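Observations on chain architecture
Residues per chain, in single letters:
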Amino acid sequence: MDDLDEDVIEEIPPRVIRFPAVEYNGATVTEITLQPLTIEMIMAAQKQGNEIAQASHLIQRSAGVAPQLVAKLSPKVLEVASRYFARFLPSDPPKAGDAPPPA
């Protein structure tokens, strides 16, 4: 019998972010629900330029909201969303010459 390593990927649940009311397109918006990211979403966001543009793009795609609504949100929403999105991104590889973490 082979001893195979196995990786089990657990589902990351959606994240609801509530915030003070924002008026957009005749409606009052007080929350968005971020859905788990796909590789396609991440790759599209990377083409958007700086980190703020990338995070804004991911909010649009993940929550299914218009870019005009995202532009009206508080930077705090961007911060909270970015923490959620970080769970889907690979960690940076160690730089050459960096010592490995202590065991």
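Notes on the structure follow. Predicted model, so just to flag it, every value in this text is computed and none were measured.

1. Some words on the overall build of the protein chain
Each helix and strand counted, the protein chain has 4 helices and 2 strands in total. When the helices and strands of the protein chain are placed in sequence order, the string is β-β-α-α-α-α. Residues counted as buried form 28% of the 103 residues belonging to the protein chain. For the protein chain, long-range pairs separated by at least 24 residues make up 49% of all intrachain contacts whose partners lie at least 6 apart in sequence.

2. Details of the packing of aromatic side chains
Evaluated as defined, the whole model comprises 2 aromatic pairs. Seen in terms of ring centroids, Tyr 84 and Phe 88 are 5.3 Å apart; in terms of plane orientation they differ by 70°. Their pairing is edge-to-face. One aromatic cluster is present, built from ring pairs that chain together Tyr 84, Phe 85 and Phe 88.

3. Re the nonpolar core
In this structure, Phe 19, Ile 32, Leu 34, Ile 59 and Phe 85 are the most contacted members of the largest nonpolar core, which totals 25 residues. Elements that contribute at least two residues to this core include exactly strand E1 (15-24), strand E2 (27-34), helix H1 (39-46), helix H2 (51-63), helix H3 (67-72) and helix H4 (75-86). When residues of this core are assigned to their parent elements, the largest contribution, 5 residues, is made by H4. Discounting chain neighbours no more than four positions away, the residues touching Ile 32 are Arg 15, Val 16, Ile 17, Phe 19, Ile 59, Ala 63, Val 65, Leu 73 and Val 77.

4. Section: unusual backbone geometry
With a phi close to 55°, Asn 25 is a non-glycine residue in the positive phi region. Residue classification places Asn 25 among the exposed positions, given a relative accessible area of 71%.

Cut-offs applied
Residues numbered from 1 in each chain as written. Predicted model: local features only at pLDDT ≥ 70, side-chain atom pairs only at ≥ 80, totals over all residues. Heavy atoms only, no water. Helix = DSSP H or I, 4+ residues; strand = E, 2+ residues; numbered from the N terminus. Buried < 20%, exposed > 50% of the residue type's maximum accessible area, 1.4 Å probe, protein only. Contact = heavy atoms within 4.5 Å. Phe/Tyr/Trp six-rings, centres within 6.5 Å; stacked < 30°, edge-to-face > 60°. Core = buried A, V, L, I, M, F, W, Y, C linked by side-chain atoms within 4.5 Å.

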